[in-house]
Structure formats: structure tokens, C-alpha cells
Amino acid sequence: MPADLHTHSEASSDSSIPILDRIELASERGIDTVGITDHMAVHGWLDGRTQHHDGVTVVSGVEANCTVADGRVDILGLFVDPDTLRARVGATTREGVTVEDGADLDPGTIIEWIHGAGGVAVVAHPSRYDRALGKLMNTLVEAGIDGIETYYPYEKSPPGTPNTPRVEIERIADTHELVRSGGNDCHGPEYVTGTLIGIIELPDCHVDELQQQSQTYR
């Protein structure tokens with residue numbers, strides 16, 4: 001059955017959708033598995049790597065960003081232990097200043113946090129980075145990245161957004177033997193990309209592969 005492993009709730013500063021409404025919307029769109037991946041935050045409602053609500057499997061996750069080659073890169077953590085990861089992203093400080101956006105963090109640190117929480121680390125929306133994707137992915141692979149988001153509604157991205165062809169992203173996944181992930185990055189109807197949940201569907205086989213990969217870190 002279809003899944004969406006990249007969505008946001010009110011725990012993200014740029015989303016206003018309560019988490020239970022997010023799960024209800026997933027159910028309405030025929031999504032059986034939904035990942036809650038808020039920005040540098042693990043929603044307080046999440047109490048396990050997965051849990052079930054109204055017939056929907058909810059995957060605990062996070063979207064954390066870091067800096068690679070002077071540019072921002074977002075990394076998804078999926079199937080994480082919520083409490084373990086909250087202790088990291090909820091207490092990120094540098095000299096007493098909260099670093100809510102992770103701007104001064106390197107990918108190895110983010111991936112270490114995700115693995116330490118028993119989760120799988122996936123580079124989010126790789127097509128949107130305005131730099132040489134092959135070189136960027138080499139850096140992320142060296143840092144320990146597990147997967148790449150190959151299913152994503154790139155056609156709904158704002159005008160002028162970089163757009164590496166999906167065939168190239170698939171090639172990179174094959175070259176580095178990365179697990180495939182996917183989601184709609186839905187923030188809400190008031191966000192620039194609108195209510196995207198249900199447009200892109202991630203096949204069950206990839207959900208199983210991601211979950212199996214995460215188990216290697218427990």
C-alpha cells in the first residue's frame with residue numbers, strides 16, 4: 001500500500017497542520033503509512049519508532065539540515081526513537097544560542113544523531129540543490145547516508161528551483177547502493193507548495209527496505 005514518508009505538522013515553524021489532522025488527511029488520500037518529519041524537531045505526540053492511529057502507520061522522523069560546501073542540505077531521519085533524537089535536536093546549542101536550523105552542523109553529525117536513535121538517514125529532495133549533485137552525494141555517502149529521496153513532487157517546486165532529472169537521481173541511488181525513499185514534503189494549504197500529500201506515493205517495498213536498514217543501527 002502507498003506511503004508518504006516526508007510530511008510536516010505544527011511542530012515545524014512553516015507548517016500549521018496539527019499532527020492528528022495530518023494523519024487524518026493521509027487516511028483520506030489513501031496513504032497507509034505516513035512519516036512525520038518536522039524541521040529540527042520530533043513531535044511530542046510520537047512515542048515510538050512506529051505507531052498506529054485510525055488505521056494509519058505513523059513513522060517517527062525528523063528533517064534536519066546541515067551545511068555542505070557552503071550550502072544547506074536537508075537530511076531525513078526515519079524510524080527513529082523519538083526520545084533519543086529529541087535529546088539531540090531539542091538541545092542543539094552553540095555558546096548558549098539555540099541553533100534551530102542546524103546551520104553550523106555538518107552532515108556527519110546529523111547522520112550520527114539519526115543512527116544513534118536507531119533510524120535511517122536519507123537525503124531529502126536532492127534535485128533541489130543548486131550545486132553538482134554527484135559531488136554532493138559523494139560527500140554525503142562518505143558521511144554515512146543510507147538513502148535518497150527519489151519520489152518527490154518536483155514539478156510542484158517554486159519557479160526557478162533547480163531540477164536534476166529523476167533518472168539521474170535513480171542512477172546515483174544505484175551507484176551508491178542507496179535505499180530509496182519518498183514523500184510529498186507537505187506543509188499545508190497556506191504553504192507555497194500547497195497540500196501535496198497523496199500526489200507522490202512511495203511503494204511498500206521501499207518502506208520495508210528503509211525499516212530493515214534502520215534496524216542495523218539498533
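Residues numbered from 1 in each chain as written. Predicted model: local features only at pLDDT ≥ 70, side-chain atom pairs only at ≥ 80, totals over all residues. Heavy atoms only, no water.

A. Seen up close, the packing of aromatic side chains. For the structure on display, the rule yields zero aromatic pairs. The positively charged end of Arg-166 is found above the aromatic ring belonging to Tyr-151, 4.3 Å away from the centroid. (Phe/Tyr/Trp six-rings, centres within 6.5 Å; stacked < 30°, edge-to-face > 60°. Lys NZ or Arg CZ within 6 Å of the ring centre and 35° of its normal.)

B. Seen up close, helix H6 (residues 204-214). Considered for burial, the residues of H6 that qualify are His-206, Val-207, Leu-210 and Ser-214. For H6, the buried positions fall inside an angular range of 105° around the axis, keeping them on one side. If you follow the buried residues of H6, they end up packed against strand S1 (3-7), strand S2 (33-39), strand S5 (71-78), strand S8 (120-123), strand S9 (147-151) and strand S10 (179-182). (Buried < 20%, exposed > 50% of the residue type's maximum accessible area, 1.4 Å probe, protein only. Helix = DSSP H or I, 4+ residues; strand = E, 2+ residues; numbered from the N terminus. Arc of directions from axis to C-beta. Contact = heavy atoms within 4.5 Å.)

C. Fine view of the pairing of S9. Within S9, five of the five residues are buried, which leaves it mostly tucked inside the rest of the structure. Two strands pair when backbone bridges link them, and S8 and S9 are joined in this way by two bridges, in the parallel orientation. Following the sheet pairing, Val-123 is matched in S9 by Ile-148. Sheet topology places S9 next to S10; four bridges connect them, and they run parallel. When the sheet's bridge partners are listed, Tyr-151 is paired in S10 with Gly-182. (Pairing = 2+ DSSP bridges.)

D. Just the packing of helix H2 (residues 82-89) against helix H3 (residues 107-116), in detail. Where H2 contacts H3, the axes come no closer than 8 Å and their chain directions differ by 155°. Comparing the axis directions of H2 and H3 gives the class roughly antiparallel. In this structure, H2 contributes Thr-84, Leu-85, Arg-88 and Val-89 to the contact, and H3 contributes Trp-113, Ile-114 and Gly-116. Tallied by class, the residues present in the contact of H2 with H3 amount to four nonpolar, two polar and one charged. (Axes fitted to C-alpha atoms, helices over the stretch in contact; angles between N-to-C directions. Parallel < 35°, antiparallel > 145°, perpendicular 65-115°, else oblique. Nonpolar A, V, L, I, M, F, W, Y, C, P; charged D, E, K, R; others polar.)

E. Focus on the pairing of strand S4 (residues 56-68). Of all 13 residues in S4, twelve are buried, a share of seventy percent or more. In terms of strand pairing, strand S3 (residues 50-53) meets S4 through four bridges, oriented antiparallel. Each bridged residue has a counterpart across the sheet, and for Thr-50 the counterpart in S4 is Val-59. Taken together, S3 and the strand that follows it, S4, pair antiparallel across an intervening segment of two residues, in which Asp-54 is found at a positive phi of about 50°. Strand direction decides the pairing type here: S4 and S5, joined by eight bridges, are antiparallel.

F. A negative patch on the surface, seen in detail. On the surface, Glu-10, Asp-21, Glu-24, Glu-28 and Asp-54 cluster together to form a negatively charged patch. Topologically, Glu-28 is positioned in helix H1 (residues 19-28). Glu-28 gets classed as exposed once you look at its relative accessible area, which sits at 59%. (Patch = residues over 30% accessible without salt bridge, like charges linked within 9 Å, V, L, I, M, F, W, Y side chains within 5 Å. Areas by Shrake-Rupley, 256 points an atom, 1.4 Å probe, with all protein chains shown as cover. Salt bridge = Lys/Arg side-chain N within 4 Å of Asp/Glu carboxyl O. Lys, Arg positive; Asp, Glu negative; His and termini not counted. Charge placed at Lys NZ, Arg CZ, Asp CG, Glu CD.)

G. Unusual backbone geometry, seen in detail. A positive phi angle, close to 50°, is found at Met-40, a residue other than glycine. Locating Met-40 in the fold gives a position in the loop between S2 and S3. Not every positive phi belongs to a glycine, and Glu-177 is a case in point at roughly 55°. For Glu-177, the location among the structural elements is in the loop between helix H5 (166-175) and S10. The exposure class assigned to Glu-177 is exposed, which follows from its relative accessible area of 70%.

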